[in-house]
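# Descriptive analysis of the structure
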Amino acid sequence: MEPTFIKILLLGILTLSFLSGKILSYLNIKRPVPSVPSSLSEYVDHDKLMKAKQYQKSNYSFGLVTSSFSFLLTFAFIYFGFFGWLDIWLRELIQQPLLLSLVFFAILFIGSDMLSIPFDYYQTFVIEEKYGFNKTSRGTYFSDKVKGYFLSIIIGGGLLVVLIGLVHQMGESFWWQFWLVSIVFMVFVNLFYTAWILPIFNKLTPLEDGELKSRIVEYAHSVGFPLDNIFVIDGSKRSSKANAFFSGFGKRKKVVLYDTLIDQHTPDELVAVLAHEIGHYKKKHIIWSMLVSMVQVGILLFILSLFIFNENMSLALGGNTMAIHLNIIGFTMLLSPISMVLGIGMNILSRKNEFEADAYAKETFDGKPLAEALKTLSANTLSNINPHPWYVFVNYSHPPLLQRLSRLEEPAVDYS
Ligand SMILES: [Zn+2]
């Protein structure tokens, strides 16, 4: 492909994906505010739904501004050849190819992060603040930023050194070698996330003995899922929004509950939430989604390997010679429609898994407290109870609330 043609193709893909994303968001925000569904009447009223709509509108307008800004900037970078210009300029200062690529990515990373800080700050301290979600202090916000930088430098930088190093040493066969590295990395992160990464940002304390703990242990025991590592995390220092998750395999398996979750739910609801999470393990969702992501990474790396030494891509981005870092950027953008299709596939799988985990909780514990927990969660986070089906299809990793409720609350089939 000629450089000019590649350039037009890149601009076209960028524009189409921006427009399609915006059209979906527009369709979603134009959905009417529904009348209060009977299953939610104890949790929300019309005013609350109007407030939720206002919150979603604020996020929609904000998203329109940020994504337009980033679209126009990326468009200009491609159109005027700024990526190539940066490469040409750096080549005069740095001869070592690996170092050249690292500095190139570092400049782009720092530049784009600096530009995103004002937007991010506005979202946290203006939008989230206005609706009462934000609990972050300025101190926490900026120390999170600094810690995030260090982590990106160590982890992102480390992976980048391995990737670029392998490309230089191994040529096109770098793809399966880097694939192995990323597989080891993914397993490693899963095993050590709660032990090493989470404590950098949050305080984890073992759940105190008491009613909640004994109820959880008792349920876990009843389904043959031994569970001793239950932790509480101080999520309340950043946001009032609540969450819970599992991490790790086998003996390293841990469950982490946000303090905000414990505050907002009854022990019955919390056990139901855990039953849902245990359902993900029992139905092998965790291991399958991990395998599927690994296959996805492999596919993308393989396709990248076919084009990584393509000089025309570097020229299309404004360079004057083949540069691996230019090609990585160019092909990541060129492959974005494939990544998008893979992402939609992942979401379809994830929504199916959520229904299965709900069903598991309903069978082994009780559907009612889980339904109650989901209602509280939805009301407290001002979530959208009437999303557009197309928006759901593309973007939702979880089924919409009302679909989950109707399955949880339908009476169990009586076979007697
Ligand atoms: Zn789930």
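Look above for the structure.
Read on for an overview of the structure. What you are looking at is a predicted structure, and each value in this text was computed from that prediction instead of being measured.

## Examining the overall build of the chain
Each helix and strand counted, the chain has 16 helices and 4 strands in total. A compact globule built from 416 residues would reach a C-alpha radius of gyration of about 22 Å, and the chain, at 24 Å, matches this within 12%. In terms of its C-alpha atoms, the chain occupies a principal-axis envelope of roughly 75 × 50 × 50 Å. When burial is assessed residue by residue, the chain has 43% of its 416 residues classed as buried. The contacts of the chain with a sequence gap of at least 6 include a subset with a gap of at least 24, amounting to 76%. Carbon together with sulfur atoms contributes 66% to the accessible area of the chain, which is approximately 21,500 Å² in total. Charge-centre separation for the chain: the mean point of 34 positive side chains lies 2 Å from the mean point of 33 negative side chains.

## Looking at the pattern of salt bridges
Side chains that carry opposite charge are capable of pairing whenever their charged atoms lie near each other. With the rule as written, the count across this model stands at 11 salt bridges. With its nearest N and O atoms 3.3 Å apart, the salt bridge here joins Lys241 to Glu128. Of this pair, Lys241 sits in the loop between β2 (230–233) and β3 (244–247) while Glu128 sits in helix α4 (residues 97–130), and the two are 113 residues apart along the sequence.

## A look at the pairing of β2
On β2, burial covers both faces: Ile230 and Val232 on one face and Phe231 and Ile233 on the other are all buried. Summarising the sheet, strand β1 (residues 204–206) and β2 pair through 3 bridges and their orientation is antiparallel. Looking across to β2, one finds that Leu204 is bridged to Ile233. Pairing analysis gives 4 bridges linking β2 to strand β4 (residues 254–258), with the strands arranged parallel. Opposite Ile233, over in β4, you have Tyr258 as the bridge partner.

## Points about the coordination of the zinc ion
With distances of 2.1 to 2.7 Å, the protein atoms coordinating the zinc ion are His276 (NE2), His280 (NE2), Glu354 (OE) and Glu354 (OE). If you look at the zinc ion, its 4 donor atoms make angles of 53 to 135° with each other, and the shape they trace is irregular. In primary sequence terms, the donor set of the zinc ion follows H-x3-H-x73-E. One end of the pair, His280, is in helix α9 (residues 267–282); the other, Glu354, is in helix α13 (residues 336–364), and 74 residues separate them in sequence. In this structure Glu354 comes out as buried when scored by relative accessible area, which is 6%.

## A look at the sheet that holds β2
Pairing is mixed in the open sheet, where 4 strands are placed in the order β1-β2-β4-β3. Lying at the two open borders of the sheet, with one neighbouring strand each, are β1 and β3. Put simply, the sheet's adjacent strands are angled 30° from each other on average, direction ignored. The strands that helix α6 (residues 174–201) touches are β1, β2, β3 and β4; relative to β3, the one it contacts most, it runs at about 125°. Sheet strands touched by α9: β3 and β4. Its angle to β3, the strand with the most contacts, is close to 30°.

## Examining unusual backbone geometry
Despite not being glycine, Lys284 shows a phi value in the positive range, around 60°. When you line up the elements, Lys284 lands in the loop between α9 and α10 (285–307). Here Leu382, not a glycine, exhibits a phi torsion of approximately 55°, which is positive. Position of Leu382 relative to the elements: it lies in the loop between α14 (367–380) and α15 (389–395).

## What to know about the packing of helix α3 (residues 82–93) against helix α12 (residues 324–334)
Two elements in contact, α3 and α12, have axes separated by 10 Å at closest approach and are oriented at 165°. Judged by the angle between their axes, α3 and α12 are roughly antiparallel. Judged by the twist between their axes, the crossing of α3 over α12 is right-handed. Residues Phe83, Gly84, Asp87 and Arg91 of α3 form the contact with α12, whose own contacting residues are His325, Leu326, Ile329 and Met333. A per-class count over the contact of α3 with α12 returns 4 nonpolar, 2 polar and 2 charged.

## Some remarks on the packing of aromatic side chains
All chains considered together, the criterion is met by 31 aromatic pairs. Look at Phe62 and Tyr122: their rings are 5.7 Å apart centre to centre, the planes differ by 20°, and that puts the pair in the stacked class. On the criterion of sequence distance, the pair formed by Phe62 in helix α2 (residues 46–79) and Tyr122 in helix α4 is long-range, its members being 60 residues apart. An aromatic cluster of at least three residues, connected via ring pairs, comprises Phe18, Phe71, Phe75, Phe77, Tyr79, Phe80, Phe82 and Phe83.

## Some words on the environment of Pro387
Examined against the element boundaries, Pro387 turns out to sit in the loop between α14 and α15. Filtering out sequence-adjacent residues up to four positions away, Pro387 remains in contact with Asn28, Arg31, Val392, Tyr396 and Pro400.

## A few points about the pairing of β3
Side-chain alternation along β3 places Ala244 and Phe246 on one buried face and Phe245 and Ser247 on a second face that is also buried. Where β3 meets β4, 4 bridges bridge the pair, whose relative direction is antiparallel. Bridge assignment links Ser247 to a residue of β4, and that residue is Lys254. Connecting β3 to the next strand, β4, in antiparallel fashion are 6 residues, including Gly248 with a positive phi near 90°.

## Considerations on the packing of α4 against helix α5 (residues 138–170)
The contact between α4 and α5 brings their axes to 11 Å, and the two run at 155°. Viewed along their axes, α4 and α5 adopt a mutual orientation that is roughly antiparallel. Between α4 and α5 lies a crossing of right-handed hand. For the contact of α4 with α5, the class distribution of residues is 15 nonpolar, 6 polar and 4 charged.

What counts, and where the lines are drawn
- Residues numbered from 1 in each chain as written.
- Predicted model: local features only at pLDDT ≥ 70, side-chain atom pairs only at ≥ 80, totals over all residues.
- Heavy atoms only, no water.
- Helix = DSSP H or I, 4+ residues; strand = E, 2+ residues; numbered from the N terminus.
- Rg over C-alpha atoms; globule rule 2.2 N^0.38 Å.
- Buried < 20%, exposed > 50% of the residue type's maximum accessible area, 1.4 Å probe, protein only.
- Contact = heavy atoms within 4.5 Å.
- Areas by Shrake-Rupley, 256 points an atom, 1.4 Å probe, with all protein chains shown as cover.
- Lys, Arg positive; Asp, Glu negative; His and termini not counted.
- Charge placed at Lys NZ, Arg CZ, Asp CG, Glu CD.
- Salt bridge = Lys/Arg side-chain N within 4 Å of Asp/Glu carboxyl O.
- Pairing = 2+ DSSP bridges.
- Donors = N, O, S within 2.8 Å, 3.2 Å for Na, K, Ca; no water.
- Tetrahedral: all angles 85-135°; square planar, octahedral: opposite > 155°, others 65-115°.
- Axes fitted to C-alpha atoms, helices over the stretch in contact; angles between N-to-C directions.
- Parallel < 35°, antiparallel > 145°, perpendicular 65-115°, else oblique.
- Left-handed = near helix turned anticlockwise from the far one by under 90°.
- Nonpolar A, V, L, I, M, F, W, Y, C, P; charged D, E, K, R; others polar.
- Phe/Tyr/Trp six-rings, centres within 6.5 Å; stacked < 30°, edge-to-face > 60°.

As far as function goes, none of this settles anything; it's purely spatial.
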